[in-house]
Amino acid sequence: MFEYPFVGFHFLVVFEIFPQVPNDFRFQEVTGLSVDINLDTYNEGGENRFVHRLPGRTKYADLVLKRGMTLVSGVTAWCIDAIQNFNYQPTNMLISLLNEDHLPVSSWYIKNAIPIKYDISGFNAEQNHIVIESLTLRYEYYTTLNLSAAVTAGISAVGDLLGGGSASVSISVP
């Protein structure tokens, strides 16, 4: 059975803050699930042809969430409280990509997110666009969930395609 790649329009965002209303789970767009690994360079004495480049610290991009502006939102209140009152309360979040049965196929657990920017789209009397609010969050790191099951299934599928051999993999995600 051939499986198509997942579509990116069916997802869920859950904050670990209270109170929340149903609109707090609905977002139009999520960007920023990105990590860069800095490479540290080390010179070796006597070897002048190259330098060793070893993995160092990781750097995570800012998370940007966009949605239509609503009147009541616990997440918006959390952002405004942090920005206006300097009352920063880091919170964890879960972003899940969902399949056609509304079940998560992969999830990302965001650790200690805080708001660093709150943006409202422009107003224009000549157009009838929805007002979009953008929340930019900075976080420490994220952990990908369901990765080991996905990798195991992928290796098993490749083994089946290549002649029915079996493969065994064990991957643990901290």
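Procedures and definitions
Residues numbered from 1 in each chain as written. Predicted model: local features only at pLDDT ≥ 70, side-chain atom pairs only at ≥ 80, totals over all residues. Heavy atoms only, no water. Salt bridge = Lys/Arg side-chain N within 4 Å of Asp/Glu carboxyl O. Helix = DSSP H or I, 4+ residues; strand = E, 2+ residues; numbered from the N terminus. Buried < 20%, exposed > 50% of the residue type's maximum accessible area, 1.4 Å probe, protein only. Contact = heavy atoms within 4.5 Å. Core = buried A, V, L, I, M, F, W, Y, C linked by side-chain atoms within 4.5 Å. Pairing = 2+ DSSP bridges.

A. Looking closely at the pattern of salt bridges. Under the defined criterion, the tally for this structure stands at three salt bridges. Note that Asp 24 and Arg 67 form a salt bridge whose closest N and O atoms lie 3.7 Å from each other. Of the two residues, Asp 24 is situated in the loop between strand S1 (11-15) and strand S2 (29-31) and Arg 67 in strand S5 (residues 63-68); the sequence distance between them amounts to 43 residues. The exposure class of Asp 24 is buried, given its relative accessible area of 0%. Two residues, Glu 133 and Arg 67, come together in a salt bridge whose shortest N-O distance is 2.7 Å. Remark: Arg 67 occurs in strand S5 and Glu 133 occurs in strand S8 (residues 132-138); sequence separation between them is 66 residues. Glu 133 gets classed as buried once you look at its relative accessible area, which sits at 1%. On the basis of relative accessible area, Arg 67 is assigned to the buried category, the value being 3%. Taken together, the shared-partner salt bridges in this structure form one network comprising Asp 24, Arg 67 and Glu 133.

B. How the structure looks around the side chain of Ser 106. Structurally, Ser 106 can be placed in strand S7 (residues 104-120). Judged by relative accessible area, which is 17%, Ser 106 ranks as buried. Once you skip the residues sitting within four places of it in the chain, Ser 106 turns out to touch Ile 95, Ser 96, Leu 97, Thr 144, Leu 145 and Asn 146.

C. Highlighting the nonpolar core. Ranked by size, the top nonpolar core spans 20 residues in total, and within it Val 13, Phe 15, Leu 63, Leu 65, Met 93, Ile 110 and Leu 137 carry the most contacts. Taken together, the elements giving at least two residues each to this core come down to S1, S5, helix H1 (74-85), strand S6 (91-98), S7 and S8. Non-local contacts of Met 93, meaning those with residues more than four positions away in its chain, are made with Val 13, Val 14, Phe 15, Leu 63, Leu 65, Trp 108, Tyr 109, Ile 110, Ala 113 and Leu 137.

D. Structural view of the pairing of S7. Pairing of S6 with S7 involves seven bridges; the strand directions are antiparallel. Paired with Thr 91 across the strands is Ala 113, a residue of S7. Hairpin connection from S6 to S7: five residues lie between these consecutive antiparallel strands, with His 102 at a positive phi of about 65°. Bridging between S7 and strand S9 (residues 141-145) involves five bridges; their strand directions are antiparallel. Counterpart to Lys 111 in the pairing with S9 is Tyr 141. Summarising the sheet, S7 and S8 pair through six bridges and their orientation is antiparallel. Residue Pro 115 lies in a different strand from S8, and its bridge partner there is Leu 137.

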